[in-house]
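As a plain string of letters, each chain reads:
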Amino acid sequence: MRRAWVVRSGDTSREIAALRTAGLVGVRFEAVGDVRRLTPREVEHAFARSGATGIETLRSRLMRFVTDLRVGDLVVVPNLAEHDVWVAIVTGPYEYVDEPPVAGIHHTRSAEWQGWIDRSASWLQHKLAALDAPGAVVELRDPDWWFDQIGSRDLPAERPPRAFRPPPPAPASRATRGPRAPNAPRAPRAPRPTPEPARPKAPERVLCAGMCGLQWSPQVLVGGLCPDCRGD
């Protein structure tokens, strides 16, 4: 029976390209060594030593890749970072690679890569929820649909380069700006209003020291007395 799987082989287009060049699909479970030499309990202990949580789930997903995938199965590899979906066919058994083409992806299978699909393709939209399901290895429920779609479409083997967007020009330095344009003449300022002349102060008056009880200009007083009190 043909099966179809989501296998998260690489987080970037560069990692996926390295696996394609090597003819491999793989998963990143760095805490575990060659599963062929370990019991399921030893696999769980390896995860536990790394401080991982959900140990049974991790062991189950790794063992799916090791034991459940078969030659001829279809593998769908999403690449959310680049909005791509890559497709491969499994061609060989499980292998543990000591020096993998992508750091950390030691658990591998040989595969024949079929090409890529743009994630925004209209016919793929109702399958995105399945492609985005969490987990390194997830079995797809409708393998026949996937085989029919892949078999009936001419998938490009290489992704075309993305359109180059030149960076915005940097601001010109003073050395390259050229001479400044002459400043426009300033408009004449309006004349300041002429201040009003200060009002003269009222002359100072002093109380006469005599019996009149009146205030007089100091120039009039003689000995503190006004003319009336002096009898002038």
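Thresholds, definitions, all that
Residues numbered from 1 in each chain as written. Predicted model: local features only at pLDDT ≥ 70, side-chain atom pairs only at ≥ 80, totals over all residues. Heavy atoms only, no water. Axes fitted to C-alpha atoms, helices over the stretch in contact; angles between N-to-C directions. Helix = DSSP H or I, 4+ residues; strand = E, 2+ residues; numbered from the N terminus. Parallel < 35°, antiparallel > 145°, perpendicular 65-115°, else oblique. Left-handed = near helix turned anticlockwise from the far one by under 90°. Contact = heavy atoms within 4.5 Å. Buried < 20%, exposed > 50% of the residue type's maximum accessible area, 1.4 Å probe, protein only. Pairing = 2+ DSSP bridges. Phe/Tyr/Trp six-rings, centres within 6.5 Å; stacked < 30°, edge-to-face > 60°.

Visitor: So what exactly am I meant to see when it comes to the packing of helix α2 (residues 40–49) against helix α3 (residues 55–68) here?
Guide: Two measures define how a pair of helices packs: the angle their axes make with one another and the distance between the axes. The geometry of α2 relative to α3 is characterised by a closest axis approach of 9 Å and an angle of 125° between their N-to-C directions. The angle between the axes of α2 and α3 places the two elements in the oblique class. Between α2 and α3 lies a crossing of right-handed hand. For the pair α2 and α3, contact is made by P40, V43, E44, F47 and A48 and by I55, E56, L58, R59 and L62, respectively.

Visitor: I'm lost on the pairing of strand β2 (residues 24–27) in this one. Help?
Guide: Strand residues, when the strand is regular, have side chains that alternate between the two faces of the sheet. Of the two faces of β2, the one lined by L24 and G26 and the one lined by V25 and V27 are each fully buried. Where β2 lies against strand β5 (residues 107–118), 4 bridges are found, and the strand directions are antiparallel. Residue pairing in the sheet places V27 in a bridge with H107 of β5.

Visitor: So what exactly am I meant to see when it comes to the packing of aromatic side chains here?
Guide: Both the distance between ring centres and the angle between the ring planes are used here to describe each pair of aromatic rings. Counted by the stated rule, this structure contains 3 aromatic pairs. With a centroid separation of 5.8 Å and an interplanar angle of 80°, the aromatic rings of F29 and F47 are classed as edge-to-face. Of the two residues, F29 sits in the loop between β2 and α2 while F47 sits in helix α2, which places them 18 residues apart along the sequence. Like F47, F29 is buried. Residues W145 and W146 carry aromatic rings whose centres are separated by 5.1 Å and whose planes lie at 85° to one another, so their mutual orientation is edge-to-face. A relative accessible area of 22% means that W145 is categorised as partly exposed. Accessibility expressed as a relative area gives 0% for W146, which makes it buried.

Visitor: What's the story with the pairing of strand β1 (residues 4–7) in this structure? I'm lost.
Guide: Because side chains alternate across β1, one face comprises the buried residues A4 and V6, and the other comprises W5 and V7, equally buried. Judged from the 3 bridges that link them, β1 and strand β3 (residues 74–79) form a sheet pairing that is parallel. Its bridge partner lying in β3, A4 is registered against L74. Both β1 and strand β6 (residues 137–139) contribute to a ladder of 3 bridges, which runs antiparallel. Bridging from a neighbouring strand, V7 pairs with V137 of β6.

Read these as spatial facts, not as claims about activity.
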